[in-house]
Amino acid sequence: MNEVAPSIDLGEMAGRVAGVMGRVRMAALRAGRDPASVTVVGVSKTFPRASLDAAYAAGIRVFGESRVQEARDKLAMPLPADATVHLIGQLQTNKVRPAVALFDMIESVDRASLIDALAREAAKRERTVDVLLQVNVAREAQKSGCAPDDAPLLLDEIIAAGNLRCLGLMTIAPLVDDPDDARKTFRDLRLLQEELRQRHPEVPLDVLSMGMSGDFEVAIEEGATHVRIGRAIFGTR
Ligand SMILES: *Cc1c(COP(=O)(O)O)cnc(C)c1O
């Protein structure tokens with residue numbers, strides 16, 4: 001059984017998770033989509049291990065963490081076997097080894113040097129590493145993610161590198177007051193997905209990881225397969 005610290009209210013957590021799942025379901029149905037085609041990634045960064053266990057008990061199976069060291073500490077005791085963890089924060093090349101060991105998917109691949117380092121580490125371990133190409137769709141100044149124009153060449157590099165499997169695309173929409181303003185960003189990521197699929201029909205590229213607590217319903221309407229939700233599940237950071 002999972003030990004849950006007494007400070008974490010399991011009932012409250014279950015209520016928040018159920019609330020998010022209900023909103024995901026409604027947004028999917030509004031868009032004529034199967035609710036099962038949307039995966040909620042519980043973004044547990046800055047929250048303690050006990051919060052992950054509580055969210056797991058409430059039904060979350062995919063977790064998102066931003067930092068390698070923080071995730072390593074939290075996962076010193078492994079999660080149940082059906083839970084997976086995605087890296088959603090910037091990855092420095094000198095942290096590639098622990099990252100490959102820890103994470104089931106690396107959503108934040110955005111440059112050639114990182115692709116090289118990940119491919120080398122994956123080859124060393126004789127395994128395949130699942131990645132997403134992170135795109136700075138809105139071309140915001142200090143945001144991570146590649147420029148949309150660089151996405152085709154970076155995808156070529158991921159494919160050519162071997163040992164990496166690109167499952168799709170990830171983006172972070174600009175912070176806006178009205179979630180509807182994020183819609184164009186989500187739509188543009190989907191258009192980029194179409195473009196890249198024509199270039200590489202052999203690569204599935206099914207994943208669109210887009211949408212967070214403030215804008216996930218709009219993202220689902222625009223085709224998100226993965227929504228990364230922190231505050232709406234774990235509370236304010
Ligand atoms: C923190 C974070 C999230 C979750 O944001 P919330 O607003 O808490 O839902 C999603 N994606 C990335 C990349 C993040 O860093």
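Criteria and cut-off values
- Residues numbered from 1 in each chain as written.
- Predicted model: local features only at pLDDT ≥ 70, side-chain atom pairs only at ≥ 80, totals over all residues.
- Heavy atoms only, no water.
- Near = heavy atom within 4 Å.
- Polar contact = N/O pair within 3.5 Å; in protein donor to acceptor, adjacent residues only side chain to side chain.
- 1 Å grid on protein atoms, 1.4 Å probe; cavity = no way out; pocket = protein on both sides within 12 Å on 5 of 7 lines; lining within 4 Å.
- Sits in = over half its atoms within 2 Å of the grid points.
- Nonpolar A, V, L, I, M, F, W, Y, C, P; charged D, E, K, R; others polar.
- Salt bridge = Lys/Arg side-chain N within 4 Å of Asp/Glu carboxyl O.
- Helix = DSSP H or I, 4+ residues; strand = E, 2+ residues; numbered from the N terminus.
- Buried < 20%, exposed > 50% of the residue type's maximum accessible area, 1.4 Å probe, protein only.

The environment of the ligand is formed by Val43, Lys45, Ser66, Ile88, Ile172, Met212, Ser213, Arg228, Ile229, Gly230, Arg231 and Arg237. Arg228 is positioned with one of its side-chain polar atoms (N or O) 2.8 Å from a nitrogen atom of the ligand. Note that an oxygen atom of the ligand is positioned 2.6 Å from one of the side-chain N or O atoms of Arg231. In a pocket analysis with a 2 Å cut-off to the grid points, the ligand is assigned to the largest pocket. For the shell around the ligand, the per-class residue count stands at five nonpolar, three polar and four charged.

We now examine the pattern of salt bridges. Throughout the structure, instances matching the rule amount to 22 salt bridges. The closest approach of N and O atoms between Lys124 and Glu121, which form a salt bridge, is 3.6 Å. With Lys124 and Glu121 both in helix H5 (residues 112-124), this residue pair falls three residues apart, about one helical turn. Since its relative accessible area comes to 7%, Glu121 is described here as buried. The partner of Glu221 in a salt bridge is Arg183, and the shortest N-O contact between them spans 2.9 Å. A residue pair is termed long-range when its members are at least 10 positions apart, and Glu221 in helix H8 (residues 216-221) and Arg183 in helix H7 (residues 183-199) qualify at 38 residues.

The quantities given are spatial measurements derived from coordinates; they are silent on function.
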